[in-house]
Amino acid sequence: MNPTRRTLLKTGAALIVSFSLKGQGPTAQAAPELDSFIAVHPDGKVTVFTSHVDPGTGIRMVYAQITAEEMGIPVDRITVIDGDTGIVPNHGGTGGSSGVPRGGADIRQAAATARKALLDLGAKKLSAPADSLTLEGGIVRPNGGGTGVSVSELIGGKRFDLKVDPKAPQRKPATYTVVGKPILRTDVPRKSTGRFAYVHDHKIPGMLHARVIRPTAIGAKPEAVDEASIRAIPDARVVRLGDFLAVVAKDEWAAVRAARELKVTWSEGRAMTPSANLAAEIARTKPEREQEVVKKGDAPAALAGAKTLKATYYWPFQSHASLGPSCSVADVKDSGVSVWSSTQDVFGVRGLVARTLNIQPAKVRVVYMDGSGSYGSNGAYDAAADAALISKAVGAPVRLQWSRQDELVWDPKGPAHMLEVTGALDKDGRILAWDSSAIGPAGPQWTGSALSPVAAGLATAAPQGQGVPVIQNLDPPYAIPNLRVTGKQLKDTPIRLSNLRAPGKIATVFAVESFMDELAASVASDPIAFRKQGLTDPRALAVIDKAAAMLGWKPRPSPAPKQTGPKMTGRGMAYMRYKHAENYVAMAMEVEVEKATGKIRVTRITCAHDCGLIINPDGLRNQVEGNILQTLSRTLHEEVLSDGKRITSVDWVSYPLLRFPDAPKLEVALINQPELPSHGAGEAACAPVAAAVANAVFDATGIRLRDVPFTAAKVKLKLSA
Amino acid sequence: MPTYKFKVNDRDVSVESWDPDQPLLYLLRNTLDLHGPKFGCGLGQCGACAVLVDGKVARSCVTPIRTVAGKSVTTIEAFGTPENPDKVQAAFIAEQAAQCGYCTNGMVMATEALLKTTPHPTLEQAKTALSGHLCRCGTHTRILAAVVRAGKA
Ligand code: FES
Ligand code: FES
């Protein structure tokens, strides 16, 4: 069913690579084996093996392009196998936009090593010095032309038996012919015709269907389970392991009905602060730990003697809200365990499953199959443990799928943050001092707290109060003589935490770039002019100017002159450099605010994005667009609601997303820097969105929105205040 | 077990279901091995499971099998293949209108239905036609461009 390295290398001829467990070492392998990354087949095709998976970002094509470029192999001869612990090297999971800068860099160096090796082999074969040869189109030949030898003849089906050479020369960007091209993804034709196999589509003989029965509230335990309540449902039965409950059936619909109809008496769960009071609760809770993360000059002293401006911003708990609920197939046998999962971290899941079943990781093979987009760590990790536990309990392969409610209620959540900023300007209207802090539950520590092993009593929930919240970018990117940034961590979190796309930064940039606008407005300065007086980096200025020009930005202070009529329009912008070290992103937008309802409609967004060298401009654009629209959804609509007893965001009505009629006109300008390293683009463009919306709404209405989400009801209330 | 006869992609089929209320989606995916329609919510709220029943878009996750007997069901697989996509699918490919692609089935099916009544949709018509469909990846711009492009093909 799944290829082994053996069958892969056999394609077309018989060559065996005894790869086995070599590729499964720790992430920080000193010098990984080239063969763990790259195999050249007898037919001249090449397979790239990686633990960085493609969760719908198109990264497989990026890896194919990088390999094609470095190795001199046509890109259509390259296949990428992502995330199969049986056959890929462990060089890290997908996350934190690391796919290109880390995953891609490893693959690039492996491919460069392969090219060097192929040139050396060609030199022997052609009796010519290696530096007189080129490798293009899969053929090694003399620089000036002439008879060559193909890579399949040189190494097809054989091992390189080399370590990846960190010094193997890489191709110069100026000579690139494949990197930088908008080559189309090969999965989209299958996805557009219903032929792509997702993990949800995986079937194995004898497979049973399972559903988990989650508690009615966090911390609730089953007190009584009435198995007779599902007796009428064919072949349905209950699996109970400690407090972990599931149902299995031969037929999927029978499993669904059994899950719905099983009568369980649950104990009272843990009380939780209702979402409506959470911001206030966070603000008044004494932090467990405080840490000054940035200090320059003396912000408290400078603020003490100045006229200050102060504001507090709130970012709520949010769900990954994957469109398809998490699913996993597991086959637990004494001889070994196979798990098919859409996790972004196959080796992490391998460890989780091994711990849960109390067996050696080497006995577990986790195979990645695409799921619905995951944006960090949705329920996939938990679902893999669920499936493995249930398969072991029933002694058969199991396909486990969460319900819509399971996914929205039980995925680990992007944490809530409260952000406070105090600032003061000098007499020339420049920023004199800035003091900002973020308070929130720390994390994310979700990986130690998969739901079912804890419920089954096989693991204890890992504590979540470690370290300070992720608060990069809480210091502004502008010149400020007196600056202080503090992270404050709360001891408890009401909900499990995780890294949801642009973790921390999505909240900190919202606060920083909103506050910049508040400062600009306080001295009636144009928001862009105000920012530019504290910026010298030409790449920063370039993205700001570009986004502004695309929107047709006319300098003037906000808010706009008072508007009559049913709709008010305004424009706003935001800028940031991701983690102060990666992508430069500037965004400008136009909004309409409906007076009667408070509804915000973003009509137009322009974005300029500079992430260094661009590998696939179309894939990059797709990511940037997705970042922006997903964050627009998070900004306008999304908050995990709870009523004090339980989470009440259970479906697409109670956890609404942005809809098509509200999709803005979106223009993205990509700035390429061929000589600079590539940064990942899976998150950066998320960070400025919320502030740009808030700034545009302020421009339109004079009302400052500081609490995400900006629901119509909230805006209406403010408009009528 | 009761059987239900209907047409799927122009083929006569007869499927067994122990429950007359079993949604069509499960029978398509599990009995008939048509994986194009996806489970997203099971509540009729997202559109991932869309198929056509007698030419009209239906949410197969909330369509009981008993209501399908004697009717004609069309799934995304009927329109084309990766090698030979129809014009709607080709437009989605040309626009690269997918990230994870989990919502794509619903978007393609809604477009197939839209083009029957509105062969050359404007952007606004495309937005309205997809208003009941969700995309979590934020691929809206490209999906809308694909709908408009399909109408020009
Ligand atoms: S799965 Fe049918 S509408 Fe969501
Ligand atoms: S492309 Fe992922 S949900 Fe639409």
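Before reading further, recall that the structure is shown in the block above.
Because the structure is predicted, anything quoted here is derived from the model rather than measured.

**Q** Help me out: how do you make sense of the interface of chain A and chain B in this one?
**A** Where interface size is quoted, it is often the accessible area lost as the parts come together. Facing 64 residues of chain A, the contacting portion of chain B comprises 52 residues. Its largest share of buried area at the contact with chain B, chain A owes to A:W253, A:L323 and A:F660, together 18% of the area lost on that side. At the junction of chain A with chain B, the criterion picks out seven salt bridges. Where A:K203 meets B:D33, a salt bridge forms, and the shortest distance between an N and an O atom there is 2.7 Å. Taken together, the connections running from chain A to chain B amount to 36 residue pairs in polar contact (both at pLDDT 80 or more). Every element with two or more residues in the side of chain A that touches chain B is listed here: helix 6 (188-192), strand 7 (208-213), helix 7 (252-261), strand 17 (398-401) and helix 17 (617-636) of chain A. Among the elements that take part in the side of chain A that touches chain B, helix 17 of chain A stands out by supplying 10 residues, more than any other. Here the residues of the side of chain A that touches chain B sort into 26 nonpolar, 19 polar and 19 charged.

**Q** Is there a simple way to think about helix 7 of chain A in this case?
**A** An α-helical turn contains 3.6 residues, so a residue and the one three or four places further along point in the same direction. For helix 7 of chain A, the full list of buried residues reads A:E252, A:W253, A:A254, A:A255, A:V256 and A:A258. Buried residues along helix 7 of chain A sit in contact with strand 7, strand 10 (244-249) and strand 17 of chain A together with helix 1 (24-31) of chain B.

**Q** What am I meant to see in the pairing of strand 1 (residues 3-8) of chain B here?
**A** Where a strand is regular, its side chains alternate between the two sheet faces. Residues and elements named next belong to chain B. Only one face of strand 1 is buried, namely the one carrying Y4, F6 and V8, since none of T3, K5 and K7 on the opposite face is buried. Judged from the six bridges that link them, strand 1 and strand 2 (residues 11-16) form a sheet pairing that is antiparallel. Counterpart to T3 in the pairing with strand 2 is E16. Adjacent in sequence and paired antiparallel, strand 1 and strand 2 are bridged by two residues, among which N9 carries a positive phi angle near 50°. By the bridge criterion, two bridges tie strand 1 to strand 5 (residues 72-74) in an arrangement that is parallel. By the bridge assignment, V8 is partnered in strand 5 with V73.

**Q** Sorry, what's going on with the environment of A:T308 here?
**A** Residue and element names in this part refer to chain A. When you line up the elements, T308 lands in strand 13 (residues 308-315). On a C-alpha basis, the gap between T308 and A433 in space is 9.1 Å, while along the polypeptide they are 125 residues apart. Residues within four places of T308 in sequence aside, it is in contact with L303, T422, G423 and A424.

**Q** Please explain the side chain of A:R115 as it appears in this structure.
**A** All names here are of chain A. One can find R115 in helix 4 (residues 99-126). Within the local environment of R115, its side chain forms a polar contact with the backbone oxygen of P169, the two atoms lying 3.3 Å apart. Excluding its chain neighbours within four sequence positions, the residues that come into contact with R115 are E70, M71, L135, P169, Q170 and R171.

**Q** Even after reading the chapter, I still don't get unusual backbone geometry, so can you show me in this structure?
**A** As a rule of thumb, non-glycine residues mostly have phi less than zero, and peptide bonds are mostly trans rather than cis. Residue and element names in this part refer to chain A. The residue after S558, namely P559, is reached through a cis peptide bond having omega 0°. Structurally, P559 is set in the loop between helix 16 (538-551) and strand 21 (567-577). The linkage connecting V708 with the following residue, P709, adopts the cis geometry, with an omega of 0°. Notably, D235 is not glycine yet its phi reads approximately 60°, a positive angle. With respect to the helices and strands, the residue D235 is situated in the loop between strand 8 (222-226) and strand 9 (237-241). Phi at Y375 takes a positive value of approximately 55°, unusual for a residue other than glycine. Here Y375 lies in the loop between strand 16 (364-368) and helix 11 (380-394).

What counts, and at which threshold
Residues numbered from 1 in each chain as written. Chains lettered and ligands numbered in written order. Predicted model: local features only at pLDDT ≥ 70, side-chain atom pairs only at ≥ 80, totals over all residues. Heavy atoms only, no water. Contact = heavy atoms within 4.5 Å. Buried area = accessible area lost by both parts, 1.4 Å probe. Salt bridge = Lys/Arg side-chain N within 4 Å of Asp/Glu carboxyl O. Polar contact = N/O pair within 3.5 Å; in protein donor to acceptor, adjacent residues only side chain to side chain. Helix = DSSP H or I, 4+ residues; strand = E, 2+ residues; numbered from the N terminus. Nonpolar A, V, L, I, M, F, W, Y, C, P; charged D, E, K, R; others polar. Buried < 20%, exposed > 50% of the residue type's maximum accessible area, 1.4 Å probe, protein only. Pairing = 2+ DSSP bridges.

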